[in-house]
Amino acid sequence: MDGSDSNLPWPGILLALLSFIGLLVVGTDIFLAVAILILWVGTLILASSRPPPPRDLPQEEAFSSTNMKPLLEYSGTPVVMTEKGKISVANRSARKLLGSHIVGQDIRMVFRQPKAIKLLDLKKSGIASIVGLVRRKDIWRLNRQVLKNDLSVIELINQTNEADITRAHTDFVANASHELRTPLASVIGYVETLQEDPDVPAATRAKFLDTIHGEAQRMQSLVSDLMSLSRVVAEKHEQPDDMLQLEALVRTAGRDGAGPKRLDRLEFDIRQNFTIQGDERQLEQVVRNLVDNGLKYGAADGPVKVTLSETVNGEAMLEVKDEGDGIPEEHIPHLTRRFYRTDPGRSRASGGTGLGLAIVKHIVERHRGRLDIVSEIGSGTTVTVRLPVPSSKN
C-alpha cells in the first residue's frame, strides 16, 4: 500500500461494506443499498482527505532607496529620502526646490536651521516648522517618517501661502477696526457732550449734529465698501456670463459717480462701443469708483476725462484721467492694497474709505482684465482698465 492509500479510512469502509451486506440480507432494494454504500464511502474519503500544503508567499522586499525612488519621483510634494544621514533620493519636486546637487549630501547641510537639525537628530518620526528654507520669509513644515534599516522619508509642505492669508486677514481686521474706531469715537464724544449739557447753544448743537451725521455717513460708506469687497472676493473665480453694452454702462455709471454737483467736470470720449461678457453691477461700480476718485483727488475744478477705445489686441480699454498733482512713483504699486492711502488726512476728509481701488482690482481680475495706473507729478493720473471682448462684436 503506497503513501496515498494510507490516508484512506479502511475501518470505516469495512463497516460500510458490512452494513451494505446487512441491508441486502434483510431484503432492502439493491439499488438503495448501493446508493447508501457509495454515499457512506464517499463521505469517509472526503472527511479523511488532507488539505493541500500552504504555498510559500513571496517575502516582502524591505524598504530601500532603490524600490522607493520610483514611487516618490513624480509626487507634486517635495520628498527626500535619507540613508545613514545622507540624502539618497530626492524626487523631482525636491530637486527643483533645493537643487539636484543635494543627492548624496549630508542632510544637515541641506536643512541647516536649528529646528530641522533637532528633528533630524532624533531617532524617531516627528514634525518641525522652519523659516527661510528657500527664500527669506517662506515657511515650510518638515514631516519626517523613520523607516527601518536606517532610512527615513522627509516630506516638505509649503505653508507660506497659509501664513500670508492669515497675516492678511489679521491686518484687514486691524485696519477695519481702526477705520471704524475713529468715527465712532467722534460720534460717541459729541453725543455725550450733548447729553451732559442740555444748554449747548443752538449753533454749537447744529455743528455737533452735522459732525455726527458726517461721521455716521463715513461709517456707512466704510461698511458698504467692506461688504462690497467681501462679495467681490467671494465671486472672484466665477466668471460672469451676461452680455453687456459697454458704452451705455460707462456713460450711466460715470454720471452716477460724478453726481449732479460735479457733472460739469466730467468729459466722455467714446470712440467705439463694445459688447462684453460681464457683471453689470460690478462694472458700474468700477466706473463709479474711478470717476469719483478722479474728481475727488484731481485738480479742484479740473476735468476728468473718460475714454472708451480699442487696444491693438482688440480689447476694450477704459481710461479715466484727471489733471491733479499726480502720485509719487513709490506709492503706485501699493494703491490697490486695502486701506492704503497716499495722503490719509486728505482721503478721510474727502470721505474716502481706502477700499475703492482694491474693489476695482478684484472686479477687473474677475472679468479676466487688467488694471494699470500711470501717474506723473504735476500732470495728473490715468487709470486704465482693459477687458477682453468676445469674438462676435456688434
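For the structure, see preceding data.
Residues numbered from 1 in each chain as written. Predicted model: local features only at pLDDT ≥ 70, side-chain atom pairs only at ≥ 80, totals over all residues. Heavy atoms only, no water.

Enquirer: Can you break down the packing of aromatic side chains residue by residue, with the values?
Expert: As enumerated under the stated definition, the model contains one aromatic pair in all. Here Y190 and F208 contribute two aromatic rings whose centre-to-centre distance is 4.7 Å and whose plane-to-plane angle is 50 degrees, an arrangement assigned as tilted. Of this pair, Y190 sits in helix α7 (residues 160-196) while F208 sits in helix α8 (residues 202-234), and the two are 18 residues apart along the sequence. Over the aromatic face of F268 sits the side chain of R251, whose NZ or CZ is 5.5 Å from the ring centroid. (Phe/Tyr/Trp six-rings, centres within 6.5 Å; stacked < 30°, edge-to-face > 60°. Helix = DSSP H or I, 4+ residues; strand = E, 2+ residues; numbered from the N terminus. Lys NZ or Arg CZ within 6 Å of the ring centre and 35° of its normal.)

Enquirer: Give a detailed account of the environment of L387, specifying residues and quantitative values.
Expert: Mapped onto the elements of the fold, L387 is located in strand β12 (residues 380-387). The sequence separation of L387 and V250 amounts to 137 residues, and the corresponding C-alpha distance is 13 Å.

Enquirer: Break down the packing of helix α10 (residues 280-297) against helix α12 (residues 356-366) for me, with residues and values.
Expert: The relative placement of two packed helices is expressed as an angle between their axes plus a distance between the axes. Contact pair α10 / α12: the axes reach a minimum separation of 9 Å and the direction vectors enclose 145 degrees. Handedness of the crossing formed by α10 with α12: left-handed. On the side of α10, the interface is formed by Q282, L283, Q285, V286, N289, L290 and N293, while α12 contributes G356, L357, I359, V360, I363 and R366. Here the residues of the contact of α10 with α12 sort into seven nonpolar, five polar and one charged. (Axes fitted to C-alpha atoms, helices over the stretch in contact; angles between N-to-C directions. Left-handed = near helix turned anticlockwise from the far one by under 90°. Contact = heavy atoms within 4.5 Å. Nonpolar A, V, L, I, M, F, W, Y, C, P; charged D, E, K, R; others polar.)

Enquirer: Give me the nonpolar core: which residues, what numbers.
Expert: Ranked by internal contacts, the top residues of the largest apolar core, which has 43 residues, are L246, V250, I276, L290 and V385. The residues touching L246, leaving out its near neighbours within four places in the chain, are N273, F274, I276, L308 and A316. Counting residues in each nonpolar core, the second largest holds 19 residues, with I107, F111, A116 and W140 among its members. (Core = buried A, V, L, I, M, F, W, Y, C linked by side-chain atoms within 4.5 Å. Buried < 20%, exposed > 50% of the residue type's maximum accessible area, 1.4 Å probe, protein only.)

Enquirer: Tell me about α12, and please be specific about residues and values.
Expert: An α-helical turn contains 3.6 residues, so a residue and the one three or four places further along point in the same direction. Burial analysis of α12 places nine of its eleven residues in the buried class, the great majority of the element. Looking at the packing, one finds that the buried side of α12 touches α8, α10, β11 (370-376) and β12. Downstream of α12 by one or two residues, R368 has phi in the positive range, about 60 degrees.

Enquirer: Now, about the sheet that holds strand β7 (residues 266-270): what can you tell me, with residues and values included?
Expert: The strand order across the open sheet formed by five strands is β7-β9-β10-β12-β11, and the pairing between neighbours is mixed. Looking at which strands have only one partner, the edges of the open sheet turn out to be β7 and β11. Averaged over neighbouring strand pairs, the angle between their axes works out to 15 degrees when direction is ignored. Across the sheet, helix α9 (residues 246-262) is in contact with β7, β9 (304-310) and β10 (316-321); its angle to β7 comes to roughly 170 degrees. Seen against the sheet, α10 touches β7, β9, β10 and β12 and runs at an angle of roughly 170 degrees to β12. (Pairing = 2+ DSSP bridges.)

Enquirer: Which residues make up the pattern of salt bridges, and what values go with them?
Expert: Under the criterion given, the structure shown has 14 salt bridges. Between E235 and R366 there is a salt bridge; the shortest N-O distance is 3.5 Å. Linking E235 in the loop between α8 and β6 (243-245) with R366 in helix α12, this pair joins segments that are 131 residues apart in sequence. R366 gets classed as buried once you look at its relative accessible area, which sits at 6%. A salt bridge links K236 to E365, with the shortest nitrogen-to-oxygen separation between them at 2.6 Å. Here K236, found in the loop between α8 and β6, pairs with E365, found in helix α12; they are 129 residues apart in sequence, far enough to count as distant. Among the residues examined, E365 registers a relative accessible area of 33% and is labelled partly exposed. In the salt-bridge network here, residues are joined through shared partners; they are D106, R108 and D121. (Salt bridge = Lys/Arg side-chain N within 4 Å of Asp/Glu carboxyl O.)

Enquirer: Quick rundown of α9? Include the residues and the values.
Expert: Between the first and last C-alpha of α9 there are 22 Å, a value that for 17 residues agrees with the 24 Å anticipated at 1.5 Å per step. The largest bend along α9 measures about 50 degrees and falls at D256, with the proline P260 one to four residues further on. Taken as a whole, α9 has its buried residues at L246, L249, V250, A253, G254, G257, A258, G259 and R262. Tucked inside the fold, the buried residues of α9 contact β6, β7, β8 (275-277), α10, β9 and β10. (Expected span 1.5 Å × (residues − 1). Bend = angle between axes of the 7 residues up to and from the residue.)

Enquirer: Which residues make up the layout of surface pockets, and what are the values?
Expert: A volume near 650 Å³ is recorded for the second largest pocket. Lining the second largest pocket we find 23 residues, and of these A168, H169, D171, F172 and R338 sit closest to its centre. Contributing elements (two or more residues each) for the lining of the second largest pocket: α7, α8 and α12. Here the lining of the second largest pocket takes ten residues from α7, the largest share from any one element. Classifying every residue of the lining of the second largest pocket gives nine nonpolar, six polar and eight charged. (1 Å grid on protein atoms, 1.4 Å probe; cavity = no way out; pocket = protein on both sides within 12 Å on 5 of 7 lines; lining within 4 Å. Points joined across faces, edges and corners; volume = space filled by probe spheres on them.)

Enquirer: Can you tell me about the environment of G298, naming the residues and giving the values?
Expert: Tracing the chain through its elements places G298 in the loop between α10 and β9. Given a relative accessible area of 8%, G298 falls into the buried group. It is 6.8 Å that separates the C-alpha atoms of G298 and D325, two residues lying 27 residues apart in sequence.

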